[in-house]
Amino acid sequence: MHWLLPAVATAASAAFAVAVLRQYAARRRVHQLAWGVGLAMFALASLALTAGVAAGWTPFGFKVYYLFGAMLNVPWLALGTISLLAGPLARRAYLAGLAVFTAASTVLLALAGVAGADLAARVPEGKAFLPVPVRALAVLGNTAGTVVVVGGAVASGLALRHRRELRPRFEGNLLIALGVLLAAGGGVFAFLDRSDKLAAGLALGASVMYAGFRRASVPVHPATPVPP
């Protein structure tokens, strides 16, 4: 039954990704597209985890899990925060850097040699056999992405603290930051060979992030002027 929670995480992340991408299709807001892509990556990573713990790991399955669960998902979620809160120059700069990071991560992980013997554990520990550049990119992407998401939530709180009509965006970003921290914290259990706890972290993190996306996407209404 070790596959059950990863399967729940897969279903939850996939449902959330579809909902957010449908919002993007209706409203064409870039931050919704970035968040939808990030959630879809959570779903793919959870699906690979489900297959790995249920039927055994393959090199391809592990690379899918590592690429979308440990390298790219948080940086793409951070793109949503940048798109929502930053100016055009910062958005273009981050998007260019993210494109380079995504390409480098995909190519280096695809070229990494992973043997069947490396995948004997229920949740293989990538640091035991993946090349240093791959692991360094994973640390860089998760650290930078988490800093952007959490920093964006704090910055938006400071900027919007006197604007009651924009409070939904502030609250939504706080929930997104909390969800990212929960999902990232769940990754610690991968080092303890506890796939059930890892899946719980992914599922809980995705749920909290989705609540944040819904809150941040509430239409903004101009504040009612206070009569003199």
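Residues numbered from 1 in each chain as written. Predicted model: local features only at pLDDT ≥ 70, side-chain atom pairs only at ≥ 80, totals over all residues. Heavy atoms only, no water.

### Details of the overall build of the chain
For the record, the criterion: For helices the rule is a DSSP run of H or I covering at least 4 residues; for strands it is a run of E covering at least 2, with both sets numbered from the N terminus onward. Three labels apply to residues, based on accessible area from a 1.4 Å probe with only protein chains included: buried if under 20% of the type maximum, exposed if over 50%, partly exposed otherwise in between. Note on contacts: a residue pair is in contact if any heavy atoms of the two residues lie within 4.5 Å.
When helices and strands are counted, the chain shows eight helices and zero strands. Put simply, the chain runs from its N terminus to its C terminus through helices and strands in the order α-α-α-α-α-α-α-α. In the chain, buried positions account for 45% of the 228 residues. Taking contacts inside the chain between residues at least 6 apart in sequence as the whole, the part at least 24 apart equals 76%.

### Topic: the side chain of Ser83
Along the chain, the position of Ser83 falls in helix H4 (residues 73–85). With relative accessibility at 13%, the residue Ser83 sits in the buried group. Residues contacting Ser83, with those up to four places away along its chain left out, are Val30, His31 and Arg91.

### Side note on the packing of aromatic side chains
Rules: Note on aromatic contacts: the rings of Phe and Tyr and the six-membered ring of Trp form a pair at centre separations within 6.5 Å, being stacked when their planes are under 30 degrees apart, edge-to-face when over 60 apart, and tilted otherwise.
One pass over the structure, following the stated rule, counts five aromatic pairs. Seen in terms of ring centroids, Trp57 and Tyr65 are 5.4 Å apart; in terms of plane orientation they differ by 55°. Their pairing is tilted. In this structure Tyr65 comes out as buried when scored by relative accessible area, which is 10%. On the numbers, 6.2 Å between centres and 50° between planes, the contact of Phe62 with Tyr65 is tilted. Of this pair, Phe62 and Tyr65 both sit in helix H3 (residues 59–71), separated by three residues, roughly a single helical turn. In terms of burial, Phe62 and Tyr65 fall into one category: buried. Among the aromatic residues, those joined into a cluster by ring pairs are Trp57, Phe62, Tyr65, Tyr66 and Phe129.

### Observations concerning H4
The cut-off we apply is this: Each helix should span, by expectation, one fewer than its residue count multiplied by 1.5 Å.
Taking 1.5 Å as the rise per residue, H4 with 13 residues should run 18 Å; its terminal C-alpha atoms sit 19 Å apart, in good agreement. Along H4, 12 of the 13 residues are buried, which leaves the element largely enclosed by surrounding structure. Regarding H4, the residues found buried are Asn73, Val74, Pro75, Trp76, Leu77, Ala78, Leu79, Gly80, Thr81, Ile82, Ser83 and Leu84.

### Some thoughts on the nonpolar core
We count it as follows: Residues belong to one nonpolar core when they are buried, are Ala, Val, Leu, Ile, Met, Phe, Trp, Tyr or Cys, and are joined through side-chain atoms within 4.5 Å.
In this structure, Trp35, Phe62, Tyr66, Met71, Leu72, Leu130 and Phe213 are the most contacted members of the largest nonpolar core, which totals 55 residues. At the level of elements, helix H1 (4–27), helix H2 (30–55), H3, H4, helix H5 (88–111), helix H6 (132–160), helix H7 (167–186) and helix H8 (195–216) are the ones that each hand at least two residues to this core. Element by element, the count of residues in this core is highest for H2, at nine residues.

### Section: unusual backbone geometry
For Arg28, which is not glycine, the phi torsion reads 60° and is therefore positive. Here Arg28 lies in the loop between H1 and H2.

### Structural notes on a nonpolar patch on the surface
This is how the line gets drawn: Think of a patch as exposed residues, more than 30% relative accessible area, with no salt bridge, where like charges cluster within 9 Å and nonpolar side chains (Val, Leu, Ile, Met, Phe, Trp, Tyr) cluster within 5 Å. Per-residue and other accessible areas were derived by the Shrake-Rupley procedure at a 1.4 Å probe size, with only the shown protein chains allowed to occlude residues. Whenever a carboxyl oxygen of Asp or Glu lies within 4 Å of a side-chain nitrogen of Lys or Arg, that contact is scored as a salt bridge.
A contiguous nonpolar surface patch, about 330 Å² in accessible area, is contributed by Trp3, Leu4, Leu5 and Val8. Residue placement: Leu5 occurs in helix H1.

### Brief notes about the side chain of His31
Structurally, the position occupied by His31 is in helix H2. The exposure class assigned to His31 is buried, which follows from its relative accessible area of 7%. Each residue touching His31, except ones within four places of it in the same chain, is listed here: Gly80, Ser83, Leu84 and Ser217.

### Concerning the pattern of salt bridges
Evaluation of the coordinates by the stated rule reveals one salt bridge. A salt bridge links Arg215 to Glu171; its shortest N-O distance comes to 2.8 Å. With Arg215 in helix H8 and Glu171 in helix H7, this residue pair connects regions lying 44 residues apart in the sequence. Overall, the relative accessible area of 25% leaves Glu171 in the partly exposed class.

### Describing the packing of H3 against H5
Here is the rule: Think of each axis as a best-fit line through the C-alpha atoms, taken over the contacting stretch in the case of a helix, with angles from 0 to 180 degrees between the N-to-C directions. Oblique is the label for any angle not under 35 degrees, not over 145, and not in the 65 to 115 range, which are roughly parallel, roughly antiparallel and roughly perpendicular in turn. If you view the pair so one helix is near and one far, a crossing is left-handed when the near helix is turned anticlockwise from the far one by less than a right angle, and right-handed when it is turned clockwise.
Where H3 contacts H5, the two axes come as close as 10 Å, and the packing angle between them is 150°. Taken together, the axis directions place H3 and H5 in an arrangement best described as roughly antiparallel. Handedness of the H3/H5 crossing: right-handed. Contact residues: H3 offers Lys63, Tyr66, Leu67 and Met71, while H5 offers Phe101, Ser105, Thr106, Leu109 and Ala110.

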